[in-house]
Amino acid sequence: MCGIVGYVGRQDATPLLLAGLHRLEYRGYDSAGIAVIGRGGVKLHKSSGRIARLEATLPKRGVRGTTGIAHTRWATHGEPTDANAHPHADCSGEIAVAHNGIIENFAALRAELTAAGHTFRSETDTEVLAHLIEAAYDGDLQQAVREALRSVQGTYGIVVIDGRHPDRIVAARNGSPVVIGIGDKEMFVASDVAALVRHTQQIVYLDDREIATIEAGGFRTSTLDDEPTQKSPATVPWGFEAYDRGEHAHFMLKEILEQPETCERTLKGRLDAQFGTAHLGGLNLGARDLLDIRRVKILGCGSAYYAGLAGAHMIEMLARIPADAEPASEFRYRNPVIERETLYVAVSQSGETADTLAAVREVRRKGGRALGIVNTVGSQVARECDGGIYMHAGPEIAVASTKAFTSTLLCTALLALNLGRVRDLSAADGKRVVAALGRIPEQVRAVLRERERVRALAVKYMQHASAFFIGRTHAYPVALEGAQKLKEISYVHAEAYPASELKHGPLALVSPDTPTYVVLPQDDLYEKSLSSIEEIRARRGPVVAITQPGDESLPTKVDDVIVVPHTEPVLSPILLTIPLQLLAYETAVALGRDVDQPRNLAKSVTVE
Ligand code: F6R
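These figures come from a predicted structure and were not determined experimentally.

## What about the pattern of salt bridges?
Item 1. Counted under the stated rule, the structure contains 38 salt bridges.
Item 2. R150 is the salt-bridge partner of E147, the closest N and O atoms lying 3.1 Å from each other. A residue pair is termed a helical-turn pair when its members lie 3 or 4 positions apart in one helix, as E147 and R150 do in helix α5 (residues 141–150) at three residues.
Item 3. A residue is classified by how much of its surface remains accessible, and E147, at 37% relative accessible area, is partly exposed.

See the structure below:
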């Protein structure tokens, strides 16, 4: 959510900053800006709209300078206008600041600064930072930034330049990521490694309440209380190709099609065919700790929460421990009861989602144990949990989550297996699940071969303004995820219900204009779901079944059928989800939507 990039070195900063911004555009794309220290001081250019618009408004001869910062925005305070775009300058125009996060006490600070004679040019919370730094400036930029941040409440990842110090960028972090990229006599800084990987694989993450002064030859870090800190560079685990969309039309398509490989990576080295269990070293829990767990609560937001619902079902089925999932965004506000024997599991692709992080903190503050199922290695959720399982799905760039969803389901299946095998799950049952997990990557490949059929369905139903998605028990989270995908990228109104709930209200809206997608695994509830289909058909509602082989007569009972392979019943959500990802994608493409940058949304919700 919002992207920052900075450069200090010997090259012309502008093209590097613009290229970095393009890499971060998935994080926010309603306005953008760039500030470069040129001959006459800081040159600032900002524009509402996409980065391409900013590029078009830059002076023909470019903005020359070797130190600069840039930002792509997802608006929180103030509409996406030219004036509200970052970077923001102080009154003198010497200082420019780009910021991710929210300054909670900005209104009070703004009133104080205005009373002291500062002139504001935007409606943003960020602009107070530029004026606070100006007020604190006494010849030392880092000291002024440190001083300014003392008055601030809220979250920030910031980069600051000052025309009087053309050789440096000052960066600081509290709750919003900042990563320094180490080059050869040049340095990069960004909110996300995606902006850096083309230039360097050597990176350093700032910690919360840490500040850095970055110059072409190196950097030094300290705490906001002025204690020096030591940082060891890490190597980015993925090459820059992982951040490219390659020959695919969209990142979302690339990430959907990648799932055979991402599933394989999630499982790699973790399946134990001999004992019918999973090896999960990162849990930091021995067999005795696993045995002490009486309940599992999964916390996540949006698609991560839906994956958690399916995961909770797997845990109940395989380990016979009560398990449920809850939106992490609500959790801390209901003063939750934290139990010693409950295992709390935070699910987050980015590992940065503010609400999920706050839920982890709530659990741990009250003495609970939190594990993370996280994709981004070294992210804040991963760092704050007591242990966890990495997804290893590789960078997910599309705003709509796909490969992280299936990898989360695999991680929860591995956890369920682990918890089950220290309890009553027999070796034979465990081995069956392990064997089924081993077949998943190949089966995902088979489902992806249905793309053309799903495309035809998308075209057939794309003009319908509304759609229902239904499923029972563990098929219900798949229905929720199917509806979520469709609405977020195609803007078709979509709602999900447990199939059993249909006649308790939603049936009133079923008509020939409202297709229903039925997630229909071949399990004990198959016949019951067929009754729901009958109820829909009796109201002349079109029905599309996403199902498994076994009912030759199904095509006579519904309008369209997509079949995915058989697997162990608890694992079926993994395969049943994929046609719905494709459906959302193909519908959005057919309707001409901007698939990777859907309206009003952005990747990684790092603000509340
Ligand atoms: C939907 C989507 C969101 C995220 C949610 C949590 O396609 O991407 O609902 O799943 O914002 O994000 P993470 O997993 O990064 O915590």
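Past the structure itself, the notes keep going.
## Here we look at the site of the ligand
Item 1. Taken together, 14 residues form the shell around the ligand, and within it S348, Q349, S350, T353 and E488 come nearest.
Item 2. K485 places a side-chain nitrogen or oxygen 2.9 Å from an oxygen atom of the ligand.
Item 3. For the ligand, the protein covers 88% of the area, taking 410 Å² as the surface of the free molecule.
Item 4. Looking at the shell around the ligand, the elements that each hand over two or more residues are α9 (303–319) and α16 (476–490).
Item 5. In terms of residues, the shell around the ligand owes the most to one element, α16, which gives three residues.
Item 6. Of the residues in the shell around the ligand, the class split is four nonpolar, eight polar and two charged.
Item 7. Three or more residues apiece are contributed to the shell around the ligand by two domains, here domain 2 (245–448) and domain 3 (450–608).

## Focus on the sheet that holds strand β2 (residues 31–38)
Item 1. Pairing is antiparallel across the open sheet formed by eight strands, whose spatial order is β3-β2-β4-β1-β10-β9-β11-β15. Since the sheet does not close on itself, it has two edges, and those belong to β3 (41–48) and β15 (234–235), each with one partner.
Item 2. Of the pairings in the sheet, the one linking strand β1 (residues 3–8) to strand β10 (residues 187–190) comprises four bridges and is antiparallel in character. From the neighbouring strand, V5 faces β10, where its bridge partner is A190.

## Regarding the environment of C263
Item 1. Inspection of the secondary structure puts C263 in helix α7 (residues 259–267).
Item 2. Residue C263 is classed as buried on the basis of its relative accessible area of 0%.
Item 3. Taking the C-alpha atoms as reference, C263 lies 7.2 Å from T406; in sequence the two are 143 residues apart.
Item 4. What C263 contacts, discounting residues up to four positions off in sequence, is T406, L410, I440, P441 and V444.

## A word on the domain arrangement of the protein
Item 1. Its domain assignment divides the protein into domain 1 (3–243), domain 2 (245–448) and domain 3 (450–608).
Item 2. In this structure, domain 1 and domain 2 have C-alpha centres spaced 34 Å apart.
Item 3. Taken together, the contacts link 13 residues of domain 1 with 15 residues of domain 2.
Item 4. Of the roughly 1,200 Å² buried at the junction of domain 1 and domain 2 (both faces included), carbon and sulfur atoms supply 52%.
Item 5. Ranking the residues of domain 1 by area buried against domain 2 places Y26, W238 and Y243 at the top, with a combined share of 42%.
Item 6. Counting the contacts that link domain 1 with domain 2 gives two salt bridges.
Item 7. Close ionic contact of R383 with D207 constitutes a salt bridge, the shortest N to O distance being 2.7 Å.
Item 8. When grouped by side-chain class, the residues that make up the side of domain 1 that touches domain 2 number eight nonpolar, no polar and five charged.

## A few points about helix α4 (residues 127–136)
Item 1. Within α4, seven of the ten residues are buried, leaving the element largely enclosed by the surrounding structure.
Item 2. Of the surrounding elements, those touching the buried residues of α4 are β5 (88–89), β6 (95–100), α3 (106–115), α5 and β7 (156–162).

Rules behind the numbers
Residues numbered from 1 in each chain as written. Predicted model: local features only at pLDDT ≥ 70, side-chain atom pairs only at ≥ 80, totals over all residues. Heavy atoms only, no water. Salt bridge = Lys/Arg side-chain N within 4 Å of Asp/Glu carboxyl O. Helix = DSSP H or I, 4+ residues; strand = E, 2+ residues; numbered from the N terminus. Buried < 20%, exposed > 50% of the residue type's maximum accessible area, 1.4 Å probe, protein only. Near = heavy atom within 4 Å. Polar contact = N/O pair within 3.5 Å; in protein donor to acceptor, adjacent residues only side chain to side chain. Areas by Shrake-Rupley, 256 points an atom, 1.4 Å probe, with all protein chains shown as cover. Nonpolar A, V, L, I, M, F, W, Y, C, P; charged D, E, K, R; others polar. Domains from an automatic or database assignment. Pairing = 2+ DSSP bridges. Contact = heavy atoms within 4.5 Å. Buried area = accessible area lost by both parts, 1.4 Å probe.

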